[in-house]
Amino acid sequence: MSELDELDDYLFGTMPDEQAAPFEEALFDQAALGEHALLDFVAEVGVLGRVVLQRAGSVPPTAASIEALRQRGFRVEVADATPGTPYQARWSAEAELVVTHFVLDMRGHTGRFDVDIETPDGEVLKTLPEVTCDPDDGSFYAICEASLARLTQGAHVFWRLYETENGQRRLVDSLEQVPATDA
Amino acid sequence: MDPTSGVAPPVPVRTLVLRAHEGDREAEALLCARFQAAVRGFARRREPTQDAVNEFTQEVLLRLIEALRTGAVREPEALGGYVLGICRTLTASAARQRQRRQELWALYGADLEPLELPAEGPSLYPVAKLEDCMSQLSPRARHVVVLGYVHMKSHAEIAAELDLTLPSARVLRHRTLAVLRECLAGSISWESA
């Protein structure tokens, strides 16, 4: 069991009291020495996670949830991206949250969807697992912090939507993101 | 790159305690910052809500400031045990001695306030980094982190909400935390694009 597992067990009370007593003594001794990386990590997940949640929401984004963010006063920008047409990720300096809207219709598909973001030479930068489409129009929305999105403006990548069903993974559609001309 | 990633070696606790006793507010703040997460962890194990954790943490740090200023910390090297003692004493008392807390707040609250995370505007780089990492988790793994570490649900509540057995909820939380920690130790995925 890792130290992080132990800390989690301590925090959630799954560590018995007789084990927790010496554990927390060590925890406070380490804190006195300035050694509190694990505690800082879990605290950071809580504090920053709250910010992420307040801004981007906790449910898969839909047109309605994005409109709700606008109503709450967030400056949200949406860019429509259509497979087959290269797409430039370009966001204004004022944007707080940005949304890439994949204009396709996934209604009727019953598999599990994952999106791989790949470089042109095939390196997978990240995978967005188990993405969910908007049930109203079947399209797919990806929302993120504008500060994170701005990192993507100079990128040339492919967003590849895969469907996994009955153990078979197949490419459903692909979107090419090219560097924004003013990035 | 994260502009805040530089880490200075920790100042010995004895030095900080002595400086704090001599009126060095920066040393006092550093000591409070060192213990803040541990005290929150102690409270997290015992208190049911975010507000209760915040209140408990605040009270312990106020008592720590008082102890530092009045010279009550006689063995600086044992400060960890001293602060843990404050935590245990507070927990043991049936009522939280609200009156005492108000008195402490009137005396030291202004010095504790700068330690609080600003309500708005933490640096957006770490927020973006966490968002980048969380976006790579399955919805269920994301949910376990949100329930446990953001909404501060109990172990049993998490299991119930995710329709998992208690052992499975625990394993999912452990796995997810490990993945998140590894992800957060690296750079934002897009930085290598």
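Residues numbered from 1 in each chain as written. Chains lettered and ligands numbered in written order. Predicted model: local features only at pLDDT ≥ 70, side-chain atom pairs only at ≥ 80, totals over all residues.

1. Description of the domain arrangement of chain B
Examined at the domain level, chain B breaks down into domain 1 (13-115) and domain 2 (124-192). Averaged C-alpha coordinates put domain 1 of chain B and domain 2 of chain B at centres separated by 29 Å. (Domains from an automatic or database assignment.)

2. A short note on the sheet that holds strand S2 (residues 87-88) of chain A
Residues and elements named next belong to chain A. As summarised here, the arrangement of the five strands in space is S2-S8-S7-S4-S5, forming an open sheet in which the pairing is mixed. Either end of the sheet is taken by a strand with one partner, and the two such strands are S2 and strand S5 (124-131). Judged from the two bridges that link them, S2 and strand S8 (residues 168-178) form a sheet pairing that is parallel. In the strand pairing of S8, Tyr87 is matched with Gln177. (Pairing = 2+ DSSP bridges. Helix = DSSP H or I, 4+ residues; strand = E, 2+ residues; numbered from the N terminus.)

3. With respect to the interface of chain A and chain B
Contacts between chain A and chain B engage 51 residues on the former and 50 residues on the latter. Mapped by element, the contributors of at least two residues to the side of chain A that touches chain B are helix H1 (3-11), helix H2 (17-32), helix H3 (37-56), S5, strand S6 (140-145) and helix H5 (146-150) of chain A. Counting residues per element, the side of chain A that touches chain B draws most heavily on H3 of chain A, which supplies 16 residues. Classifying every residue of the side of chain A that touches chain B gives 28 nonpolar, 12 polar and 11 charged. (Contact = placed C-beta atoms within 7 Å. Nonpolar A, V, L, I, M, F, W, Y, C, P; charged D, E, K, R; others polar.)

4. Side note on the packing of helix H2 (residues 25-46) of chain B against helix H4 (residues 79-92) of chain B
Residues and elements named next belong to chain B. Their axes nearest at 11 Å, the elements H2 and H4 cross at an angle of 30°. One way to sum up the angle between H2 and H4 is to call them roughly parallel. Pair H2 / H4 crosses with right-handed handedness. Here H2 contributes Phe35, Val39, Phe42 and Arg46 to the contact with H4, which in turn contributes Val83, Cys87 and Thr91. Of the residues assigned to the contact of H2 with H4, the class counts are five nonpolar, one polar and one charged. (Axes fitted to C-alpha atoms, helices over the stretch in contact; angles between N-to-C directions. Parallel < 35°, antiparallel > 145°, perpendicular 65-115°, else oblique. Left-handed = near helix turned anticlockwise from the far one by under 90°.)

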